[in-house]
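Each chain, letter by letter, is given below.
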Amino acid sequence: MAQDTPKDNAGFTLPAPVTSPASAPAATPPAADAPATAGATGITEPAPAFDAAATTDTSSRDTLVGGVVLLLLFIAFFFAKNAYANGLVGKRVPPNKANASGWWLFIFLASLATGVVLAAVNAHKFLAPLFMGPLVLVGLVALLLTFTSSRR
């Protein structure tokens, strides 16, 4: 095996320094902000530049997906609320107290899920205390009321 031959070296290469604009080749000059890469033929060609305007904004899509996930979780939490209330009635808790306790459980789970989905959609914006503070406060109060309202 030959070492350091141009054929075997397909790694990163720097372009030759340009001393004057007149000595530039007639082909398209590489962009000033794009680093050059060596292709399979050994000819240096500019790497594609990443334009900030060309990137797609996915915030509306992420928000829509987060909303659908939240809706599905609310449906699942509703069934969990009913199962919890029915379990309390089976333990001889009055039905009105069991139902109230079930709704407090639903509010607790909904606030917890809302905080998680908001953090997943846009953590930079929604993990601020302005958003998470009230959600955590409502969740803690609902958790406390879930267990205090289920007493006989």
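Before reading on, note that the structure itself is shown above.
Residues numbered from 1 in each chain as written. Predicted model: local features only at pLDDT ≥ 70, side-chain atom pairs only at ≥ 80, totals over all residues. Heavy atoms only, no water.

Before going further, it helps to spend a moment on the overall build of the protein chain. Per the secondary structure count, the protein chain includes four helices and two strands. Counting helices and strands in the order they occur from the N terminus, the protein chain gives β-β-α-α-α-α. Counting across all 152 residues of the protein chain, residues that qualify as buried make up 21%. When the accessible area of the protein chain is evaluated, it comes to approximately 11300 Å², of which 69% is carbon and sulfur surface. (Helix = DSSP H or I, 4+ residues; strand = E, 2+ residues; numbered from the N terminus. Buried < 20%, exposed > 50% of the residue type's maximum accessible area, 1.4 Å probe, protein only. Areas by Shrake-Rupley, 256 points an atom, 1.4 Å probe, with all protein chains shown as cover.)

With nine residues, the main nonpolar core is built from Leu70, Phe77, Leu105, Phe106, Phe108, Leu109, Ala113, Val117 and Ala142. At six residues, the largest contribution of residues to this core is made by helix H2 (residues 95-121). Excluding anything up to four places from it in sequence, Phe106 contacts Phe74, Phe77, Phe78 and Lys81. (Core = buried A, V, L, I, M, F, W, Y, C linked by side-chain atoms within 4.5 Å. Contact = heavy atoms within 4.5 Å.)

We now examine the packing of aromatic side chains. Following the criterion strictly, the structure yields five aromatic pairs and no others. Residues Trp103 and Phe106 carry aromatic rings whose centres are separated by 5.6 Å and whose planes lie at 80° to one another, so their mutual orientation is edge-to-face. In this pair, Trp103 and Phe106 are both assigned in helix H2, three residues apart and thus about one turn of the helix distant. The class for Trp103 is partly exposed, based on a relative accessible area of 37%. Phe106 gets classed as buried once you look at its relative accessible area, which sits at 16%. Counting every residue linked through ring pairs, the aromatic cluster contains Phe74, Phe78, Phe79, Trp103 and Phe106. (Phe/Tyr/Trp six-rings, centres within 6.5 Å; stacked < 30°, edge-to-face > 60°.)

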